[in-house]
Amino acid sequence: MSDIPITKRSVMVLFSDPKSPSSHRVRLVAKEKDIPLEVVSVEEGNLPEDLLELNPYGTLPTLVDRDLVLYDPQVIIEYLDERFPHPPLMSVDPISKARARQMLRQIEKEWYPLVETVSNGTDADEVKKARRDLLERLIQLIPVFEHKPFFMSEEYSLVDVSMAVLLWRLPSLGIDLPKSAKPILDYAKKVLEREMFTESLSDDELDMRDVI
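Note that the structure is predicted; figures quoted are calculated from it, not measured.

Q: What should I look at first to understand the nonpolar core in this one?
A: Burial of nonpolar side chains together is a common tendency in soluble globular proteins. Ranked by internal contacts, the top residues of the largest apolar core, which has 55 residues, are W111, L134, L138, M163 and L170. Within the residue set of this core, elements represented by two or more residues are β1 (12-16), α1 (21-32), α3 (73-83), α4 (94-120), α5 (124-140), α6 (158-169) and α7 (182-192). Sequence-distant contacts of M163, defined by excluding residues within four places in its chain, comprise I107, W111, L138, L141, F145, F151 and Y187. Core analysis: the next-biggest nonpolar cluster, separate from the first, contains seven residues, V40, V42, L51 and V64 among them.

Q: For this particular structure, what's the right way to read the pattern of salt bridges?
A: Side chains that differ in charge, positive against negative, can pair when their charged atoms come close. All told, the structure shown has 12 salt bridges when counted by the stated rule. Of the charged contacts in the structure, one is a salt bridge between E205 and R169, with a shortest N-O distance of 2.7 Å. Taken together, the residues E205 in helix α9 (residues 203-206) and R169 in helix α6 connect sequence positions 36 residues apart. Comparing E205 with R169 shows no difference in burial state: the two are buried. For K182, the salt bridge identified is with D186, shortest N-O distance 2.6 Å. Of this pair, K182 and D186 both sit in helix α7, four residues apart, which is roughly one turn of the helix. The class of K182 is partly exposed, set by a relative accessible area of 49%. Note on D186: relative accessible area 39%, which makes it partly exposed. Sharing partners across several salt bridges, the network here consists of R27, R169 and E205.

Q: Explain α1 here, please?
A: Quick reminder: α-helices carry 3.6 residues per turn. Residues three or four places apart thus point the same way. Taking 1.5 Å per residue as the helical rise, α1 with its 12 residues ought to reach 16 Å, and the 16 Å between its terminal C-alpha atoms agrees with that figure. Along α1, 11 of the 12 residues are buried, which leaves the element largely enclosed by surrounding structure. Listed as buried for α1 are P21, S22, S23, H24, R25, V26, R27, L28, V29, A30 and E32. You can read the cap of α1 off the contacts: a side-chain oxygen lies 3.1 Å from the backbone nitrogen of S22, and it is on S20.

About the thresholds
- Residues numbered from 1 in each chain as written.
- Predicted model: local features only at pLDDT ≥ 70, side-chain atom pairs only at ≥ 80, totals over all residues.
- Heavy atoms only, no water.
- Core = buried A, V, L, I, M, F, W, Y, C linked by side-chain atoms within 4.5 Å.
- Buried < 20%, exposed > 50% of the residue type's maximum accessible area, 1.4 Å probe, protein only.
- Helix = DSSP H or I, 4+ residues; strand = E, 2+ residues; numbered from the N terminus.
- Contact = heavy atoms within 4.5 Å.
- Salt bridge = Lys/Arg side-chain N within 4 Å of Asp/Glu carboxyl O.
- Expected span 1.5 Å × (residues − 1).
- Polar contact = N/O pair within 3.5 Å; in protein donor to acceptor, adjacent residues only side chain to side chain.

Structure below.
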């Protein structure tokens, strides 16, 4: 990294776990909006002193924008969306925005932990249960994808960003969607083939699939 203090840099700095869906969705938002961003890849358990000085929790992702330090993933992506408003990734309608925020929180607090358990869990029964729970949650959403091109929306949004990074990981998690989940499979193809999604992938995330 540059010798210039992080809080004095002209571009934002993102401390990012190259395997984590929470970090990935921040990188994807930045790509979708063409935001200049210096990405510092950090492995959990090997945090640099710079990060520990800025973030008392030592969590990833952490975004540094001069004197502003953010370490809640949902706060980070909403901040980026508001600071760089084009293209918008959140509805201006209060009801739609509230529903999107609720879904974003659910993905972050309930779905991504299941990904973590399947990826890194050491208890075989817990891993099996997490894999089953994640598959069941996705199957329950089949009707959501039958009526609109994106998640409860006509336009690509922050929810689609969060869903895309999860769907990308399914093969590496040993999760195969059944043929009855065709609406989700079609949706996955649409969001994962976006040019910016491909550009958002770390080397570790590229290795999660044989081909893009």
